[in-house]
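# Fold and contact review
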Amino acid sequence: MTLETPPGYEAFTPDTLGSYLAAIPTVAERLGGGPPLWQVSEVGDGNLNLVFIVDGPAGSVVVKQALPYVRLVGESWPLPLERAFFEHAALVEHGRHAPERLPKVYHFDQTKALIVMEHLSPHIILRKGLIAGTVYPHLAEHVAQLLAETLFKTSDLHLAAAEKKQRMKFFCDNTELCRITEELIFTDPYREAELNRHTSPQLDALALQFREDTPLKCAAQELKLRFLGDAQALIHGDLHTGSLMVTANDTRAIDPEFAFYGPMGFDIGAVLGNLLLAYFSQDGHEARAGERDGYRQWILEQIEAIWEGFEARFRGLWNEAPRGDGVVAGLFTAPTDGPALAAFKDRYMHRLLGDSLRFGGMKMIRRIFGLAHVEDLESIADPELRAACEKRALGLARELVLFGAQVTSVRDVAPAARFHRLR
Ligand code: SR1
Ligand code: MG
């Protein structure tokens, strides 16, 4: 089967990309020389797209091109090319608020569904660094900055209502990508779905238990409604540890093709939930028991530092620049208003922490019972050991989904994670 694509679209190969790039002066200049001197390799290992690295005598770029189908599944699952349009728009919008935390964009071609951007080097995907046991001293500070700047500045706390609605309208059309999330995260892990998979037979009974877990299914649907209807901010929409690229000194968020106006906790939860998956998978990556105790501790500290850094920066922005139509600062001028406003902000942040933990739990469950798994766990070759790590992760994830809203401090997460790992 060959899918029909719009006129002008062609999926590039390493052999055909060079002549296309040569016709874009800013890109050709950045690479230097000409196509015969350029090395093009396709390096995409994600679920959806083509990704090329192009090296020239003067510099290098990354070219990301959408395919008309889900790469992970094949042509039987068509997917709109427009996702490149939303990804580009989100890179530009988030890039205005946190320029040091995103790749620079050099060129966008809507017909070819293609973005030419900065080649982040020597960065690696954070997930791979976590599997290798590498410490990133600035990770928490950078992720907190990314989350606070992008979420606050696209929310009603910062924007005029009319402006926010215009932007929401624009991103509303990213429906197909949102539908993937609605099904793969909020629905499929809780029913028998054709594309679901899990470590079998070790997790068969637990998978059934999750499908029959009424409170958990209700919580999943409650969170799905939040995902569908709570347009708090322009979220990345898929901010797992495979969407963060790192070095010892730098952190960048890539791949916001799932971006839309949704609940802030979905992005924060994606980071926290994926760090917890990294935590539980360490047992599968250590040469002898206990070897990675220090690293496990470091991961749990990142969860605390990311939330606490995020909260401090988000509150700082709210205190310094309370100009959105959402909460009108000018209303709070009476002597008694100060403490009431402070209490209101505390409630807001508490709810956001709860959302983040609950969405984080959902993100963990989908990576164990759904279609798309994560390398942290998949690379554990021994199925018994992998299943043991997965069961522990699921134990915490379920608790986060059900009771995350009652957590009053992020510092309660680490003891809960340790409890589930050792029980
Ligand atoms: C069918 S796409 C599967 C997953 O890959 C992306 O990275 C998203 O996480 C999506 O849910
Ligand atoms: Mg992605």
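Conventions adopted
- Residues numbered from 1 in each chain as written.
- Chains lettered and ligands numbered in written order.
- Predicted model: local features only at pLDDT ≥ 70, side-chain atom pairs only at ≥ 80, totals over all residues.
- Heavy atoms only, no water.
- Helix = DSSP H or I, 4+ residues; strand = E, 2+ residues; numbered from the N terminus.
- Rg over C-alpha atoms; globule rule 2.2 N^0.38 Å.
- Areas by Shrake-Rupley, 256 points an atom, 1.4 Å probe, with all protein chains shown as cover.
- Lys, Arg positive; Asp, Glu negative; His and termini not counted.
- Charge placed at Lys NZ, Arg CZ, Asp CG, Glu CD.
- Domains from an automatic or database assignment.
- Contact = heavy atoms within 4.5 Å.
- Buried area = accessible area lost by both parts, 1.4 Å probe.
- Salt bridge = Lys/Arg side-chain N within 4 Å of Asp/Glu carboxyl O.
- Polar contact = N/O pair within 3.5 Å; in protein donor to acceptor, adjacent residues only side chain to side chain.
- Buried < 20%, exposed > 50% of the residue type's maximum accessible area, 1.4 Å probe, protein only.
- Phe/Tyr/Trp six-rings, centres within 6.5 Å; stacked < 30°, edge-to-face > 60°.
- Lys NZ or Arg CZ within 6 Å of the ring centre and 35° of its normal.
- Pairing = 2+ DSSP bridges.
- Axes fitted to C-alpha atoms, helices over the stretch in contact; angles between N-to-C directions.
- Near = heavy atom within 4 Å.
- Nonpolar A, V, L, I, M, F, W, Y, C, P; charged D, E, K, R; others polar.

So, on to the overall build of the protein chain. Regarding its fold elements, the protein chain presents 15 helices and twelve strands. By the compact-globule yardstick of 22 Å for 423 residues, the protein chain fits well, its C-alpha radius of gyration being 22 Å. The dimensions of the protein chain, computed from C-alpha atoms along their principal axes, are 65 × 60 × 40 Å. As presented, the protein chain carries roughly 17,600 Å² of accessible surface, and 54% of it is formed by carbon and sulfur atoms. The centroid of the 44 positive side-chain charges in the protein chain is displaced by 3 Å from the centroid of its 56 negative side-chain charges.

Once that is clear, we can look at the domain arrangement of the protein chain. Annotation of the protein chain at the domain level lists domain 1 (17-118) and domain 2 (124-421). Of the residues lining the interface, 27 residues belong to domain 1; the matching set on domain 2 comes to 33 residues. Across the domain 1 to domain 2 interface the summed buried area is about 2,600 Å²; carbon plus sulfur atoms make up 65%. Of all residues in domain 1, the largest losses of buried area upon contact with domain 2 belong to Phe86, His94 and Arg101, amounting jointly to 29% of the total for that side. For the interface between domain 1 and domain 2, the tally reads seven salt bridges. For the salt bridge of arginine 167 with glutamate 93, the shortest nitrogen-to-oxygen distance reads 2.7 Å. The tally of links from domain 1 across to domain 2 stands at 13 residue pairs in polar contact (both at pLDDT 80 or more).

Moving on, we get to unusual backbone geometry. For residues that are not glycine, phi is negative in most cases, and the peptide bond is trans in most cases. Cis geometry marks the peptide bond from serine 121 to proline 122, where omega comes out at 15°. Its location among the elements puts proline 122 in the loop between strand 7 (114-118) and strand 8 (124-125). The residue after serine 200, namely proline 201, is reached through a cis peptide bond having omega 10°. Looking at the secondary structure, you find proline 201 in the loop between helix 7 (175-184) and helix 8 (204-211). Within the chain, alanine 113 stands out as a residue other than glycine whose phi angle is a positive 55°. On the basis of relative accessibility, which here comes to 1%, the residue alanine 113 falls in the buried class.

In the structure shown here, the tally under the stated rule is 23 aromatic pairs. Aromatic ring contacts, followed pair by pair, group Phe152, Trp307, Phe310, Phe314, Trp318, Phe344 and Tyr348 into a single cluster. The side chain of arginine 30 reaches across the aromatic face of tyrosine 106, ending 3.7 Å from its centre.

The strand order across the open sheet formed by three strands is 8-10-11, and the pairing between neighbours is antiparallel. Each edge of the open sheet carries a strand with a single partner, namely strand 8 and strand 11 (251-253). Where strand 8 meets strand 10 (residues 244-246), two bridges bridge the pair, whose relative direction is antiparallel. Looking at strand 10, one finds that isoleucine 124 is bridged to valine 246. Of the strands in this sheet, strand 10 and strand 11 are in contact with helix 5 (residues 139-152), which crosses strand 11 at around 35°.

To continue, consider the pattern of salt bridges. The full count for this structure, using the stated rule, is 34 salt bridges. Of the charged contacts in the structure, one is a salt bridge between arginine 179 and glutamate 176, with a shortest N-O distance of 3.0 Å. Of this pair, arginine 179 and glutamate 176 both sit in helix 7, three residues apart, which is roughly one turn of that helix. Exposure remark for glutamate 176: the relative accessible area of 25% places this residue in the partly exposed category. When salt bridges with common partners are traced through the structure, they connect Asp283, Glu286, Asp293, Arg296, Arg392 and Arg421 into a single cluster.

For the rest of this paragraph, the subject is the site of ligand 1. As a structural note, the neighbourhood of ligand 1 is formed by 13 residues, with Asn47, Val70, Asp238, Arg366 and Arg367 the closest of them. Within the side chain of asparagine 47, a nitrogen or oxygen atom sits 2.7 Å from an oxygen atom of ligand 1. In the environment of ligand 1, an oxygen atom lies 2.7 Å from a nitrogen or oxygen atom belonging to the side chain of aspartate 238. Relative to its unbound accessible surface of 310 Å², ligand 1 loses 95% to contact with the protein. Broken down by secondary-structure element, the contributors of at least two residues to the shell around ligand 1 are helix 7 and helix 12 (337-369). Along the lines of polarity and charge, the residues of the shell around ligand 1 split into eight nonpolar, two polar and three charged. Residue-level mapping places the shell around ligand 1 at the junction of two domains, with at least three residues from each of domain 1 (17-118) and domain 2 (124-421).

Glancing now at the sheet that holds strand 3 (residues 60-66). Within the open sheet, the five strands sit side by side as 1-2-3-7-6. Their pairing is antiparallel. Lying at the two open borders of the sheet, with one neighbouring strand each, are strand 1 (39-42) and strand 6 (105-109). Ignoring which end each strand starts from, the neighbouring axes of this sheet average 20° apart. Inspection of the sheet shows strand 2 (residues 49-55) paired to strand 3 by seven bridges, in the antiparallel sense. Pairing of phenylalanine 52 across the sheet is with valine 63, part of strand 3.

Looking now at the pairing of strand 5 (residues 74-78). Residues in a regular strand point their side chains to alternate faces of the sheet. Of the strand pairs in this sheet, strand 4 (residues 69-70) and strand 5 are connected by two bridges, and their pairing is antiparallel. Note on strand 5: the bridge partner recorded for tyrosine 69 is proline 78. The loop that links strand 4 with its antiparallel partner strand 5 comprises three residues.

The next point concerns the environment of alanine 140. As for its position among the elements, alanine 140 is in helix 5. On the basis of relative accessibility, which here comes to 8%, the residue alanine 140 falls in the buried class. Residues alanine 140 and methionine 364, spaced 224 residues apart in sequence, show a C-alpha to C-alpha distance of 20 Å. Aside from chain neighbours lying at most four places away, what touches alanine 140 is Gln302, Ala305 and Ile306.

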